[in-house]
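What follows is each chain in one-letter form.
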Amino acid sequence: MKRTSPHLCVLDLFSGFGGFALGLQNAGMKISAFCEIDPFCRRVLASNWPGTIIYEDVQTLTKERLVKDGLRKIDVVCGGFPCTDISVAGKRLGIAGPRSGLWKEFYRCVGEIRPAYVIVENVPGRPGGNIDAWLGTVLGDLASLGYDAEWHCIPACAVGAPHRRDRVWIIAHALRIRLSNWISNGLAERDIAEGKEEQAFAGHRSTWWSTEPRVVPLVHGLPRKLAGWRKASVMGLGNSLVPQIPELIGDMIMDYQDKQ
């Protein structure tokens, strides 16, 4: 689709391998900077987005530093803060835990930068999609900064991947934009309303991956001298997301921008 509005500039926090950035870029946004603490992931990002600034630590990233580096315009701040303490696979320490607690740095960055849009991704939490343990904190923090928000649990199978991989997506916008249920309505229009994603692989359940994507075929048979690369790759893939979902969200944001 040809866009009539200018690119929205994105700051991608907790970037990993760049799945978030790839999706938003495909939707017509410009990736202005990354922030990723893992050196292996930073090498991947530098290879795929040469010349793009990559910050190393969200705890030292400030608006002042962005402006000093020439990044005065940030329209979108996105990221999936660490799920370690809120995932069912973790120690259940909650959003105040040492890793998931980095949300406070995400929140601080949003407060300093004041982008038009904020996109947050994370795991549902307890089985059955009960995300109250962290969602209330995130929504409350965003509201305190003057953002309204909508959220939806979108599984990977909703965009054609052969596994469920539920993830919660929060799309916040400045109250001056004053939208109402636009994300939910947009998802419904794209046939991703609750329950409809199950139709994506109807009749082909035998080909589904059980829970998460299998990464063993990507690394099986590598020589021992590449063991470090193998471990870093598996960790990065395990923390990654399906780029088609942020692309879907980015498309809806850009559609809205085009109509203004």
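Note: the structure precedes this text.
For clarity, every value in this text was computed on a predicted model and none was experimentally measured. (Residues numbered from 1 in each chain as written. Predicted model: local features only at pLDDT ≥ 70, side-chain atom pairs only at ≥ 80, totals over all residues. Heavy atoms only, no water.)

**Q** Explain the environment of valine 138 here, please?
**A** The residue valine 138 is located in helix α5 (residues 132-144) in this model. Residue classification places valine 138 among the buried positions, given a relative accessible area of 0%. With 32 residues separating them in the primary sequence, valine 138 and phenylalanine 106 have C-alpha atoms 9.9 Å apart. Apart from the residues within four sequence positions on either side, valine 138 is in contact with Phe81, Ile95, Trp103 and Ile170. (Helix = DSSP H or I, 4+ residues; strand = E, 2+ residues; numbered from the N terminus. Buried < 20%, exposed > 50% of the residue type's maximum accessible area, 1.4 Å probe, protein only. Contact = heavy atoms within 4.5 Å.)

**Q** Explain unusual backbone geometry to me, please; I cannot follow it from the model alone.
**A** Excluding glycine, residues mostly carry a negative phi; peptide bonds, for their part, are mostly trans. A positive phi angle is found at phenylalanine 14, which is not glycine, with a value near 50°. Its identity as a non-glycine residue notwithstanding, arginine 114 has a phi of 55°, on the positive side. Its location among the elements puts arginine 114 in the loop between α4 (103-113) and β5 (117-122).

**Q** Explain the environment of valine 118 to me, please; I cannot follow it from the model alone.
**A** Structurally, valine 118 can be placed in strand β5. Among the residues examined, valine 118 registers a relative accessible area of 0% and is labelled buried. C-alpha separation for the pair valine 118 and cysteine 78, spaced 40 residues apart in sequence, amounts to 5.7 Å. Excluding its chain neighbours within four sequence positions, the residues that come into contact with valine 118 are Val77, Phe106, Val110, Leu142, Tyr147, Ile170, Ile171 and Ala172.

**Q** Looking at this model, I keep getting lost on the nonpolar core. Mind explaining?
**A** Counting residues in hydrophobic clusters, the biggest one holds 34 residues, and the most contacted among them are Leu11, Leu13, Phe81, Phe106 and Ile170. Counting 29 residues, the second-largest nonpolar core is a separate cluster that includes Ala21, Val76, Ala116 and Ala156. (Core = buried A, V, L, I, M, F, W, Y, C linked by side-chain atoms within 4.5 Å.)

**Q** Quick question: what am I supposed to make of the pattern of salt bridges here?
**A** If the charged atoms of two oppositely charged side chains come close together, the side chains can form a pair. What the rule picks out here adds up to five salt bridges. The shortest N-O distance in the salt bridge between glutamate 112 and arginine 108 comes to 3.1 Å. Here glutamate 112 and its partner arginine 108 are both found in helix α4, four residues apart, which amounts to about one turn of the helix. With a relative accessible area of 23%, arginine 108 lands in the partly exposed category. Between glutamate 121 and arginine 167 there is a salt bridge, and its shortest N-O distance comes to 3.5 Å. Of this pair, glutamate 121 sits in strand β5 while arginine 167 sits in strand β7 (residues 167-174), and the two are 46 residues apart along the sequence. (Salt bridge = Lys/Arg side-chain N within 4 Å of Asp/Glu carboxyl O.)

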